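Fold and geometry: a report
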Amino acid sequence: MRTSTANKITLLNQTVLECLNETSEQKVIKSFTDAGLKVLGASFGFAWLKSRDEADFELIYKTANLPYAPMPPRRGGHNSEVVKTGLPYFVSALKKAPKLRYDVSPYMKSFVIIPMVYKEKTYGNIVLCFKKKKIFSREEKSLCAFIGNGAAQAVTLNRFYSNLENEVAKRTAQLQKANRQLEHDSAEDQAILSSIGEGLIVTDRNGGIILANPYAEQMLGWSKAQMLGQSIYSFLPLLDEHNESIEQSRRPLARALASGQKITTQDFSYSIKNGRVIPLAITASPVILDGQTVGAIEVFRDITEERKIDRAKSELISLASHQLRTPLAGINWYVEALVKEEVGKLNSTQKKYLEEVYNANLKLVEMVYDFLNVSRIELGTFNLKLSSVNLKEVSQGIIKELEPTVKAKKLKLAERYRGEIEQVPIDRKVIRITLQNLITNSVKYTPPRGRVYISIILEKPKGKPTLRVTVADTGVGIPKKDQDKIFSKLFRADNIKPLDANGTGLGLYIVKSFVQLCGGKIWFKSRENRGTTFYVDLPLEQKSPAAVPSSLI
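As the structure is a prediction and not an experimental result, all values here were calculated from the model.

1. Quick word on the environment of proline 67
- If you trace the backbone, proline 67 turns up in the loop between β2 (57-62) and α3 (78-85).
- Distance from proline 67 to proline 106, taken between C-alpha atoms, is 9.8 Å for residues 39 residues apart in sequence.
- Discounting residues that sit within four places of it in the chain, proline 67 has contacts with Phe44 and Tyr107.

2. Let's talk about the pattern of salt bridges
- Enumeration over the complete set of coordinates arrives at 12 salt bridges.
- Among the salt bridges present, the one from aspartate 537 reaches arginine 468, with a minimum N-O distance of 2.4 Å. Residue aspartate 537 is found in strand β19 (residues 531-538), and its partner arginine 468 is found in strand β17 (residues 466-473); the two are separated by 69 residues along the sequence. Each member of the pair, aspartate 537 as well as arginine 468, carries the same accessibility label: buried.
- Overlapping salt bridges, with partners in common, bring together Lys400, Glu403 and Lys407 in one network.

3. A look at helix α14 (residues 507-517)
- Of all 11 residues in α14, 8 are buried; the element is thus mostly enclosed.
- Phi turns positive, to about 80°, at glycine 519, one or two residues after α14.

4. Points about the confidence of the model for the protein chain
- For the protein chain, the mean per-residue pLDDT works out to 81, and 83% of the residues sit at or above 70.
- Across residues 540-553, where pLDDT falls below 50, the model places 36 contacts with residues more than four positions away in sequence or in other chains.

5. Quick word on helix α8 (residues 252-259)
- When we look at burial in α8, the residues that qualify are Pro252, Leu253, Ala254, Ala256 and Leu257.
- For α8, the secondary structure elements touched by its buried residues are β6 (199-204), α7 (232-235), β8 (238-239), β9 (263-265), β11 (277-289) and β12 (292-302).
- A positive phi of about 75° marks glycine 260, the residue just after α8.

6. Regarding the packing of helix α13 (residues 428-444) against α14
- Here α13 crosses α14 at 140°, and the two axes come no closer than 9 Å. Considering how the two elements wind past one another, α13 and α14 form a crossing that is left-handed. Here α13 contributes Val430, Ile433, Thr434, Asn437, Leu438 and Asn441 to the contact with α14, which in turn contributes Gly507, Leu508, Ile510, Val511, Phe514 and Val515.
- Of the residues that constitute the contact of α13 with α14, the class distribution is 8 nonpolar, 4 polar and no charged.

7. A closer look at the sheet that holds β2
- Across the sheet, which stays open at both edges, the 5 strands sit in the order β2-β1-β5-β4-β3 with antiparallel pairing between neighbours. The outermost strands of the open sheet, each flanked by one partner alone, are β2 and β3 (89-91). The sheet shows a mean angle of 20° between the axes of neighbouring strands, direction not considered.
- For strand β4 (residues 110-118) and strand β5 (residues 121-130), the ladder comprises 9 bridges, and the chain directions are antiparallel. Note that in β5 the partner of proline 115 across the bridge is asparagine 125.
- Against the sheet, α3 engages β1 (44-50), β2, β3, β4 and β5, with an angle of about 35° to β4.

8. What to know about unusual backbone geometry
- Phi is positive for arginine 449, close to 70°, though the residue is something other than glycine.
- Positive phi, close to 65°, is recorded for asparagine 529, a residue that is not glycine.
- The topology assignment puts asparagine 529 in the loop between β18 (521-527) and β19.

9. Regarding the nonpolar core
- Formed by 46 residues in total, the largest nonpolar core has its most connected members in Leu391 and Leu467.
- Elements that contribute at least two residues to this core include exactly α11 (391-401), β15 (424-427), α13, β16 (451-459), β17, α14, β18 and β19.
- When residues of this core are assigned to their parent elements, the largest contribution, 7 residues, is made by α13.
- In this structure leucine 391 touches Ile421, Val424, Ile426, Ile431, Ile456 and Leu467, once residues within four positions along its chain are discounted.
- Within the second largest apolar cluster, 29 residues are counted, among which are Ala47, Phe136, Cys144 and Ala154.

Calculation rules
- Residues numbered from 1 in each chain as written.
- Predicted model: local features only at pLDDT ≥ 70, side-chain atom pairs only at ≥ 80, totals over all residues.
- Heavy atoms only, no water.
- Helix = DSSP H or I, 4+ residues; strand = E, 2+ residues; numbered from the N terminus.
- Contact = heavy atoms within 4.5 Å.
- Salt bridge = Lys/Arg side-chain N within 4 Å of Asp/Glu carboxyl O.
- Buried < 20%, exposed > 50% of the residue type's maximum accessible area, 1.4 Å probe, protein only.
- pLDDT = per-residue confidence, 0-100.
- Axes fitted to C-alpha atoms, helices over the stretch in contact; angles between N-to-C directions.
- Left-handed = near helix turned anticlockwise from the far one by under 90°.
- Nonpolar A, V, L, I, M, F, W, Y, C, P; charged D, E, K, R; others polar.
- Pairing = 2+ DSSP bridges.
- Core = buried A, V, L, I, M, F, W, Y, C linked by side-chain atoms within 4.5 Å.

Structure (structure tokens):
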């Protein structure tokens, strides 16, 4: 008996092993059903299997000698009880019972329904039938449980591998589709890069070149292979207006990487492979991924022709301004004489109209002088003329001119002067235009009852004079989106246009140009609707900002 039981277990184990790699559920169920027939000595059998979506049972296998057609399992029947309990159901002496839908006693005397259950999941039932009465021993009942469990595990593996194969096939198809799309996108991107009429270089966060388009190769004279992997800072030095290499921190790409913002400039040039220097319009933008700056893109174009056109325009403006200056001065003199009634009495209406003409002419004269200054700067014909200047006197003279506006708006104006500023060797015109623009803007764009602070300090660290001018206000401020353009020619921030419709947008451009011409620096801090503070350092390197009341910053 022990040998017989051992042989039966061996047969079932062999069946389990054979079904491990079987991909057909029908073959798995057939193998276990046939093995059950052998180990229990059953006459015939069949099996029900639930589909993958766990709908109704379907007849998955039957032996060739099955003498009748089984009907699908129903609720309340023997199969239903087996599904609920998960245990084999044995009938040793079959009688026509109420639970049977039809009489099968002519075909069998005993049967067993073996549930295929694994980890509380029921896949179906195997039914083994006996033509003669069968008394099931304890070992046979254990074998039935073994058959059901083995079949269930085999079906579980089958479905797992099948799902895995389907998922692999699905993922493979998706990957192939993605690869095709990537190849298409890559070809499309390459076509776009090749067609861009501007140089384009992409770097990593350290400035290492990882991409260059054909136009960049053509413009710079270096092949992409020569540029890739090189540091843009050392391989492609950027030059200032004096053809001197600028420090890394001033480069637009370095500033974009550091700030995470787009930087645009036309102040620099590249020295290309053949030694020629080409002026550039450069836009550097950070590449941000998951909130981190991982690289930058620099787009640049040759603006040699634009510079020529600008120079021609500057020459034309200079010529026109010179021609306009004399007649405007004459108009100013004659109108002033009329207003003062030097050539005869005027009635009130005539005097009012002439005063309007006089004021309009003054504005026109100021505009002509602005245009003259711009043209001289751009043509390089503006020469510094140093003289001994009393900066306190210049500053207070400008404040005196603005006194009517200060009083009308009830502004609180504070001044601070420190150091030997009574005799400063500097260009009088440059410092007056600088102070006039900064102070006038603060007064003009500060609302009533606001505050304006002016500080002029001259220090001599290590015997070298350093002039720091600070002008702060509680005015409308500069919108963040406009701050990188505030020193551009003809640019005016959106929030000041309603306050002053007649501005030219040249003032700060001229100031910055003059400051740079003197070897100085100008910068600012601003918050919209909270105020602005401008700093000017002349002529040496920047020192720490002068003390400014915290309420004005």
